[in-house]
Amino acid sequence: METHTEEQKVNMPRIGDAAPQFSAATSQGNINLEDYKGKWVVLFSHPSDFTPVCTTEFVGFQDIYPELKQLNTELLGLSVDSVPSHIAWIRSIEENFDTKIEFPVIADLDKQVAMKYGMIMPGESQVETSRAVFVIDDKQKIRSIIYYPLTTGRNMQEILRLVKALQTTDEHGVSTPANWQEGDKAVVSPPKTQEEAAKRAQEEGIEYIDWYISKKDV
Ligand code: BEZ
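Conventions we followed
- Residues numbered from 1 in each chain as written.
- Predicted model: local features only at pLDDT ≥ 70, side-chain atom pairs only at ≥ 80, totals over all residues.
- Heavy atoms only, no water.
- Near = heavy atom within 4 Å.
- Polar contact = N/O pair within 3.5 Å; in protein donor to acceptor, adjacent residues only side chain to side chain.
- Areas by Shrake-Rupley, 256 points an atom, 1.4 Å probe, with all protein chains shown as cover.
- Helix = DSSP H or I, 4+ residues; strand = E, 2+ residues; numbered from the N terminus.
- Nonpolar A, V, L, I, M, F, W, Y, C, P; charged D, E, K, R; others polar.
- Domains from an automatic or database assignment.
- Phe/Tyr/Trp six-rings, centres within 6.5 Å; stacked < 30°, edge-to-face > 60°.
- Buried < 20%, exposed > 50% of the residue type's maximum accessible area, 1.4 Å probe, protein only.
- Pairing = 2+ DSSP bridges.
- Right-handed = clockwise from strand over helix to strand, strands pointing away.
- UniProt positions renumbered as here; feature names shortened; annotations may be inferred.
- Core = buried A, V, L, I, M, F, W, Y, C linked by side-chain atoms within 4.5 Å.
- Contact = heavy atoms within 4.5 Å.
- Axes fitted to C-alpha atoms, helices over the stretch in contact; angles between N-to-C directions.
- Parallel < 35°, antiparallel > 145°, perpendicular 65-115°, else oblique.
- Left-handed = near helix turned anticlockwise from the far one by under 90°.

## Here's the deal with the site of the ligand
Next up, step 1: Around the ligand sit Pro47, Thr51, Pro52, Val53, Cys54, Glu128, Arg131 and Leu150, and that is every residue in its neighbourhood.
Next up, step 2: Within the contact set of the ligand, an oxygen atom lies 3.1 Å away from a side-chain nitrogen or oxygen of Arg131.
Next up, step 3: Here the ligand, which alone exposes 260 Å², has 80% of that area covered by the protein.
Next up, step 4: In terms of residue count, helix H1 (residues 52-70) provides more of the shell around the ligand than any other element does, 3 residues in total.
Next up, step 5: Of the residues assigned to the shell around the ligand, the class counts are 5 nonpolar, 1 polar and 2 charged.

## Some words on the domain arrangement of the chain
Next up, step 1: Each assigned domain of the chain is listed with its residue range as follows: domain 1 (17-154) and domain 2 (174-216).
Next up, step 2: Centre-to-centre separation of domain 1 and domain 2, based on C-alpha positions: 36 Å.

## Brief notes about the packing of aromatic side chains
Next up, step 1: Per the stated rule, a full pass over the model turns up 11 aromatic pairs.
Next up, step 2: Seen in terms of ring centroids, Phe44 and Phe61 are 3.8 Å apart; in terms of plane orientation they differ by 15°. Their pairing is stacked. Of this pair, Phe44 sits in strand S3 (residues 40-45) while Phe61 sits in helix H1, and the two are 17 residues apart along the sequence.
Next up, step 3: Assessed through its relative accessible area of 0%, Phe61 is described here as buried.
Next up, step 4: Measuring from centroid to centroid gives 4.4 Å for Phe58 and Trp89, while their planes differ by 45°, and the two rings are tilted.

## What to know about the sheet that holds strand S10 (residues 213-216)
Next up, step 1: Ordered in space as S8-S10-S9, the 3 strands form an open sheet in which the pairing is antiparallel. Two strands lie at the open edges of the sheet, namely strand S8 (186-187) and strand S9 (207-210), each paired on one side alone.

## Considering the pairing of strand S4 (residues 73-79)
Next up, step 1: In terms of residue burial, S4 counts as a mostly covered element, since 7 of its 7 residues are buried.
Next up, step 2: What you see with S4 is no split at all: Thr73, Leu75, Gly77 and Ser79 on one side and Glu74, Leu76 and Leu78 on the other are buried throughout.
Next up, step 3: With 6 bridges connecting them, S3 and S4 associate as parallel partners. Bridging from a neighbouring strand, Leu43 pairs with Leu76 of S4.
Next up, step 4: Considered for its hand, the β-α-β crossover made up of S3, H1 and S4 is right-handed.
Next up, step 5: Note: S4 against strand S5 (residues 105-107), 3 bridges, orientation parallel. Residue pairing in the sheet places Ser79 in a bridge with Ala107 of S5.
Next up, step 6: Between the parallel elements S4 and S5, the chain passes through helix H2 (residues 83-97) in a crossover that is right-handed.

## Some remarks on the UniProt feature "binding site: substrate" (unreviewed entry) in the chain
Next up, step 1: When the UniProt feature table is mapped to this numbering, "binding site: substrate" (unreviewed entry) covers Arg131.
Next up, step 2: Looking at where Arg131 falls in the secondary structure, it is placed in strand S6 (residues 131-136).
Next up, step 3: Under the relative-accessibility criterion, Arg131 is labelled buried at 2%.

## Comments concerning the nonpolar core
Next up, step 1: Judged by nonpolar contacts, the single largest core of 27 residues is most densely connected at Phe58, Phe61, Leu75, Phe103 and Ile159.
Next up, step 2: Sorting the residues of this core by element identifies S3, H1, H2, S6 and helix H4 (156-172) as the ones contributing at least two each.
Next up, step 3: Apart from the residues lying within four places of it in its own chain, the contact partners of Ile159 are Val42, Phe61, Ile64, Val133, Ile146 and Arg154.
Next up, step 4: Counting 21 residues, the second largest nonpolar core, distinct from the first, contains Ala24, Tyr36, Val41 and Leu43.

## Focus on the UniProt feature "active site" (unreviewed entry) in the chain
Next up, step 1: As annotated in UniProt, the feature "active site" (unreviewed entry) corresponds to Cys54 in the numbering used here.
Next up, step 2: Turning to its location among the elements, Cys54 is positioned in helix H1.
Next up, step 3: Non-local contacts of Cys54, meaning those with residues more than four positions away in its chain, are made with His46, Pro47, Ser48, Trp89 and Arg131.

## Concerning the packing of H1 against H4
Next up, step 1: One can describe the packing of H1 onto H4 by two numbers: an axis separation of 9 Å at closest approach and a directional angle of 30°. Our classification of the angle between H1 and H4 gives roughly parallel. When the axes of H1 and H4 are compared, the crossing they make is right-handed. Note on element contacts: H4 touches H1 through Met156, Gln157, Ile159, Leu160, Val163 and Lys164, opposite Glu57, Gly60, Phe61, Ile64, Glu67 and Leu68.
Next up, step 2: When the residues that make up the contact of H1 with H4 are grouped by side-chain class, the tally is 7 nonpolar, 2 polar and 3 charged.

Encoded structure:
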């Protein structure tokens, strides 16, 4: 059974928490999370380099990277492998899949970041990081957390949709309904008082369904 030092105490961040800060070695040199302030960050972990599902995910993450960048969003990968391992795997992905990985991949050999973000699920694996995704906003607050097991590759379009949904919420003060896609109507905040509820049907510019559910274009 693996033990962790006090500095490596497992933390499980929650939505709304400040993103735990870290400095780390990556396939593109050292980075500090705080240098990303002002940008959104999708921080994701994968179990290990040179594994099949992770390889398909890396191709998928690279495919959505240009669109994420257009959303002022950076991508950061992570596993407990070394920088040379990341470099060798990135080169292999380029050779085999004609895909150049352009985002940095953290080499978290001492699990410093994995422990701060609760990326290891000991019931599944003591050594590998699970498929975790943390969406961190431009003020470095954790806005969403997704976990997938080792055996299931993530849906890249859902990660992209999630970032767009969160940014739409911030920009327009709305929520986004089930299966929302960019261009769809968003949900207006429900009334907080009986008086507001009574007035909702008369409001301009909304699609009124009932007092507690209305939508609008965003
Ligand atoms: C994979 O990426 O294929 C994989 C990694 C760890 C456990 C199971 C599958």
